[in-house]
Amino acid sequence: MAESYKVRFLLPAVLLAGLSLRAHFVWSSRGSPPAAGDAADYASIAENIARRGEFSLEAGVPTARRPPAYPAFLAIFLRAAPSPWNGVRFVQAVLDTAACLLVFLLAWLHYRRREEALLAAALYALHPVFAAYVGVILTETLFLTLWGGAVCCLVLLARHGAEGRAGAARCWGASAGFMLGIAILCRANLILFPPAVAFFLALFHRRSRALLAGLAVMVLCSYLVILPWSARNRAVFGRRIPVATGGGIAFWVGAQTARPYPDHVAMIGRVSPGRTDSQIDEEFYRLAKEDIRTSWPGVLADLPRRFLHFWLTSHSSILGIDEPLSAYRARGEWGAVLARGLLWVLHLLLLAAGASGLWLAREEWSPLATITLAAFLYYFLHVLNDYGPNRYHLPTLMLLLVFAAGPMVRGSPRWGAARRVSRR
């Protein structure tokens with residue numbers, strides 16, 4: 001009874017702490033409109049949806065440069081309030097707090113123990129990087145909430161499939177497919193994940209008819225969700241654009257071997273004049289194919305560096321610490337230097353703990369372990385194209401936090417004492 005009471009108290013406390021941290025980032029970014037880069041594009045499209053009912057960056061010029069889900073989400077607030085950005089950030093804070101609860105549920109489904117579930121939720125709730133994204137007008141918060149819900153449904157699909165409960169497996173498969181479909185419309189780089197995760201779940205777990213039926217429903221529903229948007233793009237642009245353009249730019253970046261990171265913005269400026277979004281994409285695909293024919297040995301040799309660049313990062317830029325350390329040292333801003341160092345340590349420790357927990361899970365391999373492995377391998381493929389945005393690995397990091405909780409709890413004195421008592 002005491003243990004149950006403590007859990008009922010601690011989980012709301014974790015969620016409240018997470019919401020408070022996110023409220024800090026909402027407050028810190030209040031009154032700041034999205035002014036540049038991806039955020040400015042999302043805001044422009046949302047304004048045109050709200051005011052003109054058209055998906056465009058410029059009035060009267062349809063676009064497929066960005067996926068539709070996040071601008072549509074923003075348009076709700078533009079219609080409701082004249083100064084919507086604070087409202088967007090507040091709702092993102094609530095959504096990301098709900099994502100903390102999803103992490104708790106994932107950990108509970110994997111461990112069936114309260115300590116690990118609470119710790120996993122706390123790791124997500126108090127992680128400054130996840131919290132900081134609620135203050136910016138980017139897809140991260142909405143995407144991660146959809147992602148967490150979809151993974152929960154996938155775990156339940158696999159559980160019911162293993163038990164031969166075909167009806168329940170299909171139901172959870174449809175739910176997972178729906179959320180994955182919306183997540184694809186939020187971030188197009190997820191588009192091949194549904195069949196990839198279906199393959200891994202069928203490979204690592206008992207291939208019952210119930211499981212295979214649930215996975216088939218999941219994949220089908222994922223693509224049925226994006227089908228209307230794909231049909232719109234076909235009708236408007238006269239070519240097949242499943243979600244958004246930009247794939248050509250990503251592959252062009254992947255075909256470059258020059259260092260530092262390729263200046264794709266300048267390249268877009270050179271390629272864009274006189275071309276539509278789809279024509280720009282086609283030109284980048286053409287350039288990428290030409291470059292890869294001559295530079296593929298250099299690309300292969302560069303993959304280890306890209307892997308480290310993509311996965312090993314402090315994520316400090318989201319907290320406003322985005323200059324070289326030498327610049328901060330020259331100005332004597334030692335707080336920024338210390339903050340980046342602490343963020344590096346935090347990230348490396350959590351990666352190490354997550355990898356350790358995933359290794360320990362081999363003793364009783366679970367559907368969540370399979371999904372996490374599939375997510376890691378899937379996002380690993382960014383080393384072949386646009387490896388620059390480190391934030392693209394956050395979906396995998398979210399799942400690794402669940403596995404990081406395992407070795408942390410195992411290493412606690414209380415767990416060791418409980419183990420010694422159980423052996424007597």
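Remember, predicted model here, so these are calculated numbers, not experimental data.

1. Focus: a nonpolar patch on the surface
Alright, step 1. Where nonpolar side chains cluster on the molecular surface, the patch consists of L308, L312, W344 and L348 and spans about 320 Å² of accessible area.
Alright, step 2. Inspection of the secondary structure assignment puts L308 in helix α13 (residues 277-311).
Alright, step 3. Taking relative accessible area as the criterion, L308 reaches 45% and is therefore assigned partly exposed.

2. Re helix α11 (residues 247-254)
Alright, step 1. For α11, the buried fraction is high: six of the eight residues fall into the buried class.
Alright, step 2. Buried residues of α11: G248, I249, A250, W252, V253 and G254, and no others.

3. Overview of the environment of A17
Alright, step 1. By the secondary structure assignment, A17 is in helix α1 (residues 2-28).
Alright, step 2. Taking relative accessible area as the criterion, A17 reaches 31% and is therefore assigned partly exposed.
Alright, step 3. The spacing of A17 and T97 is 80 residues in sequence and 9.3 Å in space, taken between C-alpha atoms.

4. Regarding the environment of R187
Alright, step 1. Summarising the element assignment, R187 is placed in the loop between α8 (166-186) and α9 (193-204).
Alright, step 2. Remark: the alpha-carbon pair of R187 and Y70, spanning 117 residues in sequence, is separated by 8.6 Å.
Alright, step 3. Filtering out sequence-adjacent residues up to four positions away, R187 remains in contact with P67, T139, E140, F143, R391, Y392 and P395.
Alright, step 4. Looking at R187, its side chain comes within polar contact range of the side chain of E140, at 2.2 Å.

5. Points about the confidence of the model for the chain
Alright, step 1. Mean pLDDT over the chain stands at 90; residues scoring 70 or higher make up 95%.
Alright, step 2. The weakest mean pLDDT in the chain belongs to helix α18 (residues 413-423) at 44; the strongest belongs to α8 at 97.
Alright, step 3. Under a pLDDT of 50 for its full length, residues 415-424 has, in the predicted model, two contacts with residues more than four places off or in other chains.

6. Looking at the nonpolar core
Alright, step 1. Of all hydrophobic cores here, the largest spans 111 residues; its most connected members are W147, F193 and M218.
Alright, step 2. The biggest single contributor to this core is helix α7 (residues 140-162), with 14 residues.
Alright, step 3. With sequence-adjacent residues up to four places away left out, F193 is seen in contact with W147, L180, I371, A374, A375 and Y378.
Alright, step 4. Within the second largest apolar cluster, 11 residues are counted, among which are I249, I280, A288 and Y387.

7. Points about the pattern of salt bridges
Alright, step 1. Within this structure, the stated rule accounts for 18 salt bridges.
Alright, step 2. Among the ionic pairs, E140 bridges to R391, the shortest N-O distance being 2.9 Å. Taken together, the residues span a long stretch of sequence, with E140 in helix α7 and R391 in the loop between α16 (367-380) and α17 (394-410) at a distance of 251 residues.
Alright, step 3. Judged by its relative accessible area of 15%, R391 is buried.

8. Quick look at the packing of aromatic side chains
Alright, step 1. Inspection of every chain in the model, using the stated rule, returns 22 aromatic pairs.
Alright, step 2. Note on F307 and F380: the rings are 5.5 Å apart at their centroids and 55° apart in plane angle, and the pair reads as tilted. In this pair, F307 is assigned in helix α13 and F380 in helix α16, connecting sequence segments 73 residues apart.
Alright, step 3. Summarising the aromatic geometry, the rings of F376 and F380 are spaced 6.5 Å apart at their centres and angled 35° between planes, so their arrangement reads as tilted. In this pair, F376 and F380 both sit in helix α16, four residues apart, roughly one turn of the helix.
Alright, step 4. Exposure remark for F376: the relative accessible area of 28% places this residue in the partly exposed category.

9. Observations regarding α8
Alright, step 1. The end-to-end C-alpha distance of α8 is 30 Å, a good match for the 30 Å that 21 residues give at a rise of 1.5 Å each.
Alright, step 2. A169, G173, A176, G177, M179, L180, G181, A183, I184, L185 and C186 are the residues of α8 that are buried.

10. Some points on unusual backbone geometry
Most peptide bonds take the trans form, and the phi angle of most residues other than glycine is negative.
Alright, step 1. The backbone of R112 shows a phi angle near 60°, a positive value even though the residue is not glycine.
Alright, step 2. Assignment of secondary structure puts R112 in the loop between α4 (85-111) and α5 (114-125).
Alright, step 3. With a phi angle near 60°, H315 is a residue other than glycine that sits in the positive phi range.
Alright, step 4. Summarising the element assignment, H315 is placed in the loop between α13 and α14 (325-330).
Alright, step 5. Residue H315 is classed as buried on the basis of its relative accessible area of 5%.

Definitions and cut-offs
Residues numbered from 1 in each chain as written. Predicted model: local features only at pLDDT ≥ 70, side-chain atom pairs only at ≥ 80, totals over all residues. Heavy atoms only, no water. Patch = residues over 30% accessible without salt bridge, like charges linked within 9 Å, V, L, I, M, F, W, Y side chains within 5 Å. Areas by Shrake-Rupley, 256 points an atom, 1.4 Å probe, with all protein chains shown as cover. Salt bridge = Lys/Arg side-chain N within 4 Å of Asp/Glu carboxyl O. Helix = DSSP H or I, 4+ residues; strand = E, 2+ residues; numbered from the N terminus. Buried < 20%, exposed > 50% of the residue type's maximum accessible area, 1.4 Å probe, protein only. Contact = heavy atoms within 4.5 Å. Polar contact = N/O pair within 3.5 Å; in protein donor to acceptor, adjacent residues only side chain to side chain. pLDDT = per-residue confidence, 0-100. Core = buried A, V, L, I, M, F, W, Y, C linked by side-chain atoms within 4.5 Å. Phe/Tyr/Trp six-rings, centres within 6.5 Å; stacked < 30°, edge-to-face > 60°. Expected span 1.5 Å × (residues − 1).

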